[in-house]
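A structural walkthrough
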Number of protein chains: 2
Amino acid sequence: MYRRKALVAIADGLGDRPVEELGGLTPLQKARTPNLDRVAREGGCGIMDLLAPGVPVGTDMGHLLLFGGNGADYPGRGPVEARGINMDVADGDVLFRCNFATVDKNGVVKDRRAGRINGGTKDLAQALDGLGLGDGVRSRFAPATEHRGVLILRGPGLGGAVTDTDPKVTGKPVLAAQATDGSPEAARTAEKLNLFLRKSAALLAEHPVNAQRAAQGELPANALLTRGAGRFRGMAQQPELLGFSGCCVAGEATVLGMARLLGYETVTDPAFSANPATDYARKAAAALEALSRHDLVFVHFKATDLAGHDNQPWEKVKAIEMFDAMVGLLLAQLPPKTCLALASDHSTPCEVGEHSGEPVPVAILGPGIRRDEVERFDEIACGRGCLSRIRGRDFIMGIFDYMGVSKKRGS
Amino acid sequence: MYRRKALVAIADGLGDRPVEELGGLTPLQKARTPNLDRVAREGGCGIMDLLAPGVPVGTDMGHLLLFGGNGADYPGRGPVEARGINMDVADGDVLFRCNFATVDKNGVVKDRRAGRINGGTKDLAQALDGLGLGDGVRSRFAPATEHRGVLILRGPGLGGAVTDTDPKVTGKPVLAAQATDGSPEAARTAEKLNLFLRKSAALLAEHPVNAQRAAQGELPANALLTRGAGRFRGMAQQPELLGFSGCCVAGEATVLGMARLLGYETVTDPAFSANPATDYARKAAAALEALSRHDLVFVHFKATDLAGHDNQPWEKVKAIEMFDAMVGLLLAQLPPKTCLALASDHSTPCEVGEHSGEPVPVAILGPGIRRDEVERFDEIACGRGCLSRIRGRDFIMGIFDYMGVSKKRGS
């Protein structure tokens, strides 16, 4: 039976525009990228619109598509954040993004971030996790970065159409959650959320972490503000559906969360940071190790995107050269019967400082992969390649097909 | 905050096929087009299928797509004609295209165009406008070109599924309108339309314009024939939805009507004709003036399409060179931080004399626009450009993205 493996190296926010201070070249054209160019020269190239031409996507949506999901199944931020911090989420869960905050005795918000609390939230969160709220509904609560957390209400008959309790400004009281669509599910969720917030206020008020903060003259984390309620529908698990084993190697919680939602295993490490000192050699080693256990491995590289957001074309050139070095390590040890693909989740042009809707270059190298005459890996050259201009999902379908796991339509 | 402006020059029916008498070149390849070629050489190029490859579209559908609308929202001819003559249309209106006609005393059609009546229709129309038809239903009526007019029935609970009253041939009686879908809305519309036609026949019979026509031995415009009933649903207003200000500069009522339906302002002038004597310099000046007030301006050029319909390749070459001259005027005064795009609404190959489904060339030039190695603006060369082959809506989404008004999907 025909089966192949695939390794996909993703440079976040890679696509860009001609930059005057780079002599009218894009950062990718300007960078010295012998390894990326080798993939282009010895493989097949194209340009890719993640969702559609001219439509900018977030890192979460971009990776949803690269991982084989449908854009229409985008689950919202809550589930991605929850899975990013390794909470489990189940079909029917209602998720909320939360802040720990400080309120006065009248429930008026004094500080929306509890003095930018940066320690003890794990203990606080533990107190709020697993509260019974009646009718079979329970809370799940986990801390995220700094003052942030994720709340899940889990139980029968819950709906996502409820208002934020976060007033978004200081000096106003915490709002009571209300149903917005008149459904009994939303009404039940609003009721359970309000009950949870009352219970959690009582638990936070007497929590030792807050006693200690008070003793140190710090604002107590004595309230939760919730926003972005959303009911989670289970997502199609690509690896399971197509019968392969997939893994994502990344440092960023958003990418890890999306990978987990779609049924991929994940490998992460505190050394996988987005800053220029990131240990890309360790990431490459982790990707190759994962490839020994999995059929499909994504390895994600972040620094390219940050340089675009920071309007720093020369920083982006450097980040791209680091990505190139990482790809060099992957190429050097690529196992036989394996393709290596280069991709990105969106463009982040330095002159915009935000994601844009321009296509990103892609290239695939491997035994049996069609080759074209493209010599360089960049936004323009790859457009003349044999993959032409394709969508994100079409790109990954091509990888699935190469792997031999696609389903034939018709007979 | 990043924002840019865009100017899109549209050559109607530009795309063509190799023509033997042009030495196997397309009219666009044959024409001397230094300005169009400059946009191609210094910008990014592609070929565009308005709706889909191989699907010919009308000027109205082509412009619906170029203006950012969805093909599925095509409203039918009635609303386009109504807005083309500056009638307002509202959600729920039922529109009819009409002819002034001549009937005998038995209601049998003698002339479907009332002797090609070409004067006095404004006065006739005024008599038919604003008639009360009961149940809160009123008529709106406005004259269009020559013997044509547009009728709107406006009021609660009307439907569009009614038959034509135009028998399409002389010697047959005017038909009574009937509902075609069994709905109470269509039944009410048929009833109100038949009432309107009776009332209007009485008003037309005694109208001074017809008395004068009779005195001059001309056929009276003593009846209306209606066809193409359609209920109008309000259309998505792209400029409002995305938060920009848009304008269309054109002479043709169809293009102006579609622009207005989609929420664009319009600028027109009797000098903006489709014939070879059209004052393209005045049109260019109007477009540049509009660009000082708007974020996005379309400027439409018609003569290219007419030459295609007339099977006149050499005429098409001349029309293209005139379009090139207009684009030269635009290029010479293009404001900074503005892109100039070249587009078309469909191909009109001279050998077909009708619209065809072949793609049209596109090119975009401006600061930050990706550049490729295409040197000439034509149907073939542009296909090797960095935009590759795209759909009409994708093309305009790319412009919106460049302008910085696109909405990001995901976060």
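My aim in this report is to walk through the structure given alongside it, one point at a time. (Residues numbered from 1 in each chain as written. Chains lettered and ligands numbered in written order. Predicted model: local features only at pLDDT ≥ 70, side-chain atom pairs only at ≥ 80, totals over all residues. Heavy atoms only, no water.)

Here we look at the side chain of Asp166 of chain B
Residue and element names in this part refer to chain B. For Asp166, the position within the fold is in the loop between strand S6 (148-154) and helix H6 (184-205). Note on Asp166: relative accessible area 2%, which makes it buried. Within the structure, the side chain of Asp166 is placed 2.8 Å from the side chain of Arg112, a separation counted as a polar contact. Reaching out from Asp166, the side chain makes a polar contact with the backbone nitrogen of Lys168 at a distance of 2.7 Å. Asp166 has contacts with Arg112, Leu175, Leu225, Thr226 and Arg227, leaving out every residue within four places of it along the chain. (Helix = DSSP H or I, 4+ residues; strand = E, 2+ residues; numbered from the N terminus. Buried < 20%, exposed > 50% of the residue type's maximum accessible area, 1.4 Å probe, protein only. Polar contact = N/O pair within 3.5 Å; in protein donor to acceptor, adjacent residues only side chain to side chain. Contact = heavy atoms within 4.5 Å.)

Thoughts on the interface of chain A and chain B
On the side of chain B, 25 residues touch chain A, which itself brings 33 residues to the contact. Taking both sides of the interface into account, the surface hidden between chain A and chain B amounts to around 2,300 Å²; carbon and sulfur atoms contribute 49%. The largest per-residue losses of area from chain A upon contact with chain B belong to Pro18, Ile380 and Arg389 of chain A, which jointly make up 22% of the total buried on that side. Counting across the interface, chain A meets chain B through four salt bridges. The partner of Glu351 of chain A in a salt bridge is Arg4 of chain B, with the nearest N and O atoms 2.8 Å apart. On inspection of chain A and its partner chain B, the count reaches 15 residue pairs in polar contact (both at pLDDT 80 or more). Sorting the residues of the side of chain A that touches chain B by element identifies helix H3 (59-66) and strand S13 (388-391) of chain A as the ones contributing at least two each. The residue makeup of the side of chain A that touches chain B, split by class, is 12 nonpolar, 10 polar and 11 charged. (Buried area = accessible area lost by both parts, 1.4 Å probe. Salt bridge = Lys/Arg side-chain N within 4 Å of Asp/Glu carboxyl O. Nonpolar A, V, L, I, M, F, W, Y, C, P; charged D, E, K, R; others polar.)

Some thoughts on the sheet that holds strand S12 (residues 360-365) of chain B
Strands in a sheet are paired, the pairing made by backbone hydrogen bonds, and the direction either parallel or antiparallel. All names here are of chain B. Strands sit in the order S9-S8-S10-S1-S11-S12-S2-S13 across an open sheet of eight strands; the sheet is mixed. Each edge of the open sheet is held by one strand with a lone partner, namely strand S9 (265-267) and strand S13 (388-391). Here the average twist between neighbouring strands, direction ignored, is 25 degrees. Of the pairings in the sheet, the one linking strand S1 (residues 5-11) to strand S11 (residues 338-343) comprises six bridges and is parallel in character. Considered in S11, the bridge of Ile10 is made with Ala343. (Pairing = 2+ DSSP bridges. Axes fitted to C-alpha atoms, helices over the stretch in contact; angles between N-to-C directions.)

Some thoughts on the layout of surface pockets
Residue and element names in this part refer to chain A. Roughly 570 Å³ of internal volume is contained in the largest pocket. Lining the largest pocket are 27 residues; nearest its centre among them are Ile85, Thr145, Glu252, Ala253 and Thr254. Counting residues per element, the ones that place at least two in the lining of the largest pocket are helix H4 (77-84), strand S6 (148-154), helix H9 (253-261) and helix H11 (303-309). Looking at the lining of the largest pocket residue by residue, the classes come out as seven nonpolar, 10 polar and 10 charged. Put simply, the second largest pocket is a space of about 380 Å³. Looking at the second largest pocket, it is lined by 18 residues, and the ones nearest its centre are Ile364, Ile369, Arg370, Leu387 and Gly398. At six residues, helix H13 (residues 392-403) tops the list of elements feeding residues into the lining of the second largest pocket. Here the residues of the lining of the second largest pocket sort into 11 nonpolar, three polar and four charged. (1 Å grid on protein atoms, 1.4 Å probe; cavity = no way out; pocket = protein on both sides within 12 Å on 5 of 7 lines; lining within 4 Å. Points joined across faces, edges and corners; volume = space filled by probe spheres on them.)

Some remarks on the sheet that holds S13 of chain A
Residue and element names in this part refer to chain A. The strand order S9-S8-S10-S1-S11-S12-S2-S13 describes an open sheet built from eight strands, whose pairing is mixed. The sheet terminates laterally at strand S9 (265-267) and S13, the two strands that pair on one side only. Between one strand and the next, the sheet's axes are offset by a mean angle of 25 degrees, whatever the strand orientation. Packed onto the sheet, H9 meets strand S8 (246-249), S9 and strand S10 (296-301) and runs at close to 155 degrees relative to S9.

Observations regarding unusual backbone geometry
All names here are of chain A. The phi dihedral of Arg116 is positive, around 45 degrees, even though this residue is not glycine. The topology assignment puts Arg116 in the loop between strand S4 (109-111) and helix H5 (121-128). Given the relative accessible area of 54%, Arg116 is considered exposed. Not every positive phi belongs to a glycine, and Ser388 is a case in point at roughly 60 degrees. By secondary structure assignment, the location of Ser388 is in strand S13.

Some thoughts on the packing of aromatic side chains
Residues and elements named next belong to chain A. In the structure shown here, the tally under the stated rule is 14 aromatic pairs over all chains. Seen in terms of ring centroids, Phe244 and Tyr264 are 6.3 Å apart; in terms of plane orientation they differ by 50 degrees. Their pairing is tilted. Here Phe244, found in the loop between helix H8 (238-242) and S8, pairs with Tyr264, found in the loop between H9 and S9; they are 20 residues apart in sequence, far enough to count as distant. Residue Phe244 is classed as buried on the basis of its relative accessible area of 7%. In this structure Tyr264 comes out as buried when scored by relative accessible area, which is 4%. The rings of Phe67, Phe244, Tyr264, Phe298 and Phe400 are connected pair by pair, giving a single aromatic cluster. (Phe/Tyr/Trp six-rings, centres within 6.5 Å; stacked < 30°, edge-to-face > 60°.)

Digging into H3 of chain A
Think of an α-helix as turning once every 3.6 residues; residues three or four places apart then point the same way. The buried count for H3 of chain A comes to eight of eight residues, which makes it a mostly enclosed element. Phi turns positive one or two residues past the end of H3 of chain A, at Gly68 of chain A, with a value near 100 degrees.

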